Every structure is written in C-alpha cells, then in structure tokens.
Amino acid sequence: AEKFKGADVQTTDDLLKKGGTSKSRAELASATGLTEKQILEFVNRADLYRIKGIGSEFADLLEALLVNWPIPVEELTILGHSMGGLLARSAWHYGTAAGHAWPRRLKKLVFLGTPHHGAPMERGGNLIDIALGVSPYTAPLSRLGKIRSAGITDLRHTWLLDEDWRGRDRFARSSGHHAAVPLPDGVKCFAIAATTGKQAGDIKDRLVGDGLVPLASALGCHAEHDRNLMFPPDRQWIALETGHLDL
C-alpha cells in the first residue's frame, strides 16, 4: 500500500486509470518497485470490484458450470438479491456477446430487492462526500469516504457495462448518461420488492422503500421509456412491512 501511495495511487480508481495500459503499467512498476506482472494482477483484482468486472466473470463461471455439469442442462434459473440482480443483468449481456451457451438455457430470472435504478443511501453518501470536499478543513474526510468500493458506488449509477465507466469519475455528482440495458429477451423476469410501509403507496415507498432500495427502483420503473423495465404485473410482488435484508 505504501508503494502505491508513493506513486499517488490512493484508490482503486487511481489504480485502474494508471494501470490500464501496458505502457502505464510499466511506468507504475518503475515508480513502485513492483513488477509489471504484479501491477497487472492488482489491476485485475480492482476491476472485479465493479459490477462490470464481476458480471463478465460471472458469465464465464456460468458457462463453465454448464460445460462441466454431469448431465445436459436444459433450463437455468437465476435468483439475484440486491446487487446480485444487477450482476445477473450484466452477466447476461456479456455472456450473450461472447456467444456463451448458458444465456440460451436461461428461462427465469428473479430479482429480489434489486436497485435497477439506484439506491438513495449511496446517493446520500455521495452528497456528504461532496459537501465535505467543499472546505479545505473537511476535504480529508471526503477523501476517506471515497475509499468505499466501486461496486457500492454502482448502487448510485447502476453502471452495468464497461463503457459506462470509461472516462468517468464514479464519485462525481452527475455520472452522465449510461447505457440502457434491457431485460433478457425470451426470459421470464420477476421483480420482488419490499417496503417498510404498511401498504403499497405509503410515503415510505418513495423515501426509503425497503430501507435501501425504493419501491420504484426495485420494480424497474423509470420515467424514460427505454429505461423502464416493464415487468408484467403478474410477475411483480411487493412484501409489506419488510426490510431489504428480510427479503
């Protein structure tokens, strides 16, 4: 860690930026005293902190699972809780692009409290970071807040693809327009959401939802047509007086 700090690498974002090419890894290796192979290993690990990184890895693992299953797999169902649902959507995208067999076996995809359009808790943490960063006296506290993982900040941006990240600051107030990733074609998708309210339509739905994910986000609802996931009504279910972890 001290070697990286000496090369002005304070966060995983710094590492991904400075270790993104063979040339930059060579420069970073020279600055830290580490080998280029070690730098590349650290960069690969940092990449897996992101939904995109884990999503593509998950896609490869599912393909390996089908290949090595003792009998032919005819049907696959994925159940993803919270960010696990975002990972499943990312994996399907990368698995399909790679020509994997498992997306053709995927018949059902169940989302439990998945923040399809973000979670306000992370947004709140981001606003605190920005407020702290305004003053030179509190700026160090803002930098401390930025230590949280890239995967957690994905709860604000819901960045699922590599191009969503490229050239952007994940701690910026506005992330810009990211790619709209639709639900998988030909797959029965189900959205299970929760609210701490006693009935659907309670103000808690909009403000806190299940304590982390608002009801509209968990149900994939969005004002923009291409981002509205349009789960059929008979494939939606809402648990009342239920928290995120209770799901």
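Worth saying up front: this structure is predicted, and the values here are computed from it rather than measured. (Residues numbered from 1 in each chain as written. Predicted model: local features only at pLDDT ≥ 70, side-chain atom pairs only at ≥ 80, totals over all residues. Heavy atoms only, no water.)

S.K.: Tell me what's going on with the sheet that holds strand β4 (residues 236–239), and back it up with residues and numbers.
M.R.: Pairing is parallel in the open sheet, where 4 strands are placed in the order β1-β2-β3-β4. The open sheet terminates on both sides in strands that have one partner only, identified here as β1 (76–81) and β4. Mean inter-strand twist for the sheet, computed between neighbouring axes without regard to direction, equals 15°. Where β1 meets strand β2 (residues 106–112), 6 bridges bridge the pair, whose relative direction is parallel. Each bridged residue has a counterpart across the sheet, and for L76 the counterpart in β2 is L106. Along the sheet, helix α6 (residues 83–97) makes contact with β1 and β2, crossing β1 at roughly 140°. (Pairing = 2+ DSSP bridges. Helix = DSSP H or I, 4+ residues; strand = E, 2+ residues; numbered from the N terminus. Axes fitted to C-alpha atoms, helices over the stretch in contact; angles between N-to-C directions. Contact = heavy atoms within 4.5 Å.)

S.K.: Report on the pattern of salt bridges, specifying residues and quantitative values.
M.R.: Where charged atoms of side chains with opposite charge meet at close range, the side chains can pair. All told, the structure shown has 1 salt bridge when counted by the stated rule. We note a salt bridge from R227 to E224, for which the minimum N-O separation is 3.2 Å. The class of E224 is partly exposed, set by a relative accessible area of 32%. (Salt bridge = Lys/Arg side-chain N within 4 Å of Asp/Glu carboxyl O. Buried < 20%, exposed > 50% of the residue type's maximum accessible area, 1.4 Å probe, protein only.)

S.K.: Account for the nonpolar core, naming residues and giving values.
M.R.: In terms of nonpolar packing, the biggest core is built from 26 residues, with I78, W102, L106, L109, C189 and F231 touching the most fellow members. When residues of this core are traced back to their parent elements, those giving at least two are α5 (51–68), β1, α6, β2, β3 (188–194) and α13 (215–218). Not counting the four nearest positions on each side in its chain, L109 is found in contact with I78, A88, P184, V187, K188, C189 and F190. Within the second largest apolar cluster, 10 residues are counted, among which are F4, V9, L15 and I39. (Core = buried A, V, L, I, M, F, W, Y, C linked by side-chain atoms within 4.5 Å.)

S.K.: Lay out unusual backbone geometry with the relevant residues and their values.
M.R.: Its identity is not glycine, yet M230 carries a phi of approximately 55°, on the positive side. Mapped onto the secondary structure, M230 falls in the loop between α13 and β4. Of the residues examined, M230 reaches a relative accessible area of 55% and is grouped as exposed. In this structure, E241 is a non-glycine residue whose phi angle is positive, near 50°. Mapped onto the elements, E241 comes out in the segment after β4.

S.K.: Please set out the packing of aromatic side chains residue by residue, giving values where relevant.
M.R.: For any two aromatic rings, the description comes down to two numbers: the centre-to-centre distance and the angle of the planes. A complete count under the given rule lists 1 aromatic pair for this structure. Looking at R235, its charged tip hangs above the ring of F190, at a distance of 5.9 Å from the centre. (Phe/Tyr/Trp six-rings, centres within 6.5 Å; stacked < 30°, edge-to-face > 60°. Lys NZ or Arg CZ within 6 Å of the ring centre and 35° of its normal.)

S.K.: Quick rundown of helix α3 (residues 22–32)? Include the residues and the values.
M.R.: Residues spaced three or four apart along an α-helix face the same direction, because each turn holds 3.6 residues. Every buried residue belonging to α3 is among S24, R25, L28, A29 and T32, and all of these are buried. The buried side chains of α3 occupy one side of the element, clustering within an arc of 140° when seen end-on. For α3, the exposed residues lying more than 90 degrees away from the buried face are K23 and S30. (Arc of directions from axis to C-beta.)

S.K.: Quick rundown of a nonpolar patch on the surface? Include the residues and the values.
M.R.: Together, L65, W69 and I71 line one region of the surface with nonpolar side chains, adding up to about 310 Å² of accessible area. Looking at where L65 falls in the secondary structure, it is placed in helix α5. By relative accessible area, which is 38% here, L65 ends up partly exposed. (Patch = residues over 30% accessible without salt bridge, like charges linked within 9 Å, V, L, I, M, F, W, Y side chains within 5 Å. Areas by Shrake-Rupley, 256 points an atom, 1.4 Å probe, with all protein chains shown as cover.)

S.K.: Explain α6 to me, and be specific about the residues and the numbers.
M.R.: Across its 15 residues, α6 extends 21 Å between first and last C-alpha, which sits within 8% of the 21 Å expected from 1.5 Å per residue. Those residues of α6 not exposed but buried are M83, G85, L86, L87, A88, R89, S90, A91, W92, Y94 and G95. Among the residues trailing α6, G99 stands out with phi positive, at a value near 75°. (Expected span 1.5 Å × (residues − 1).)

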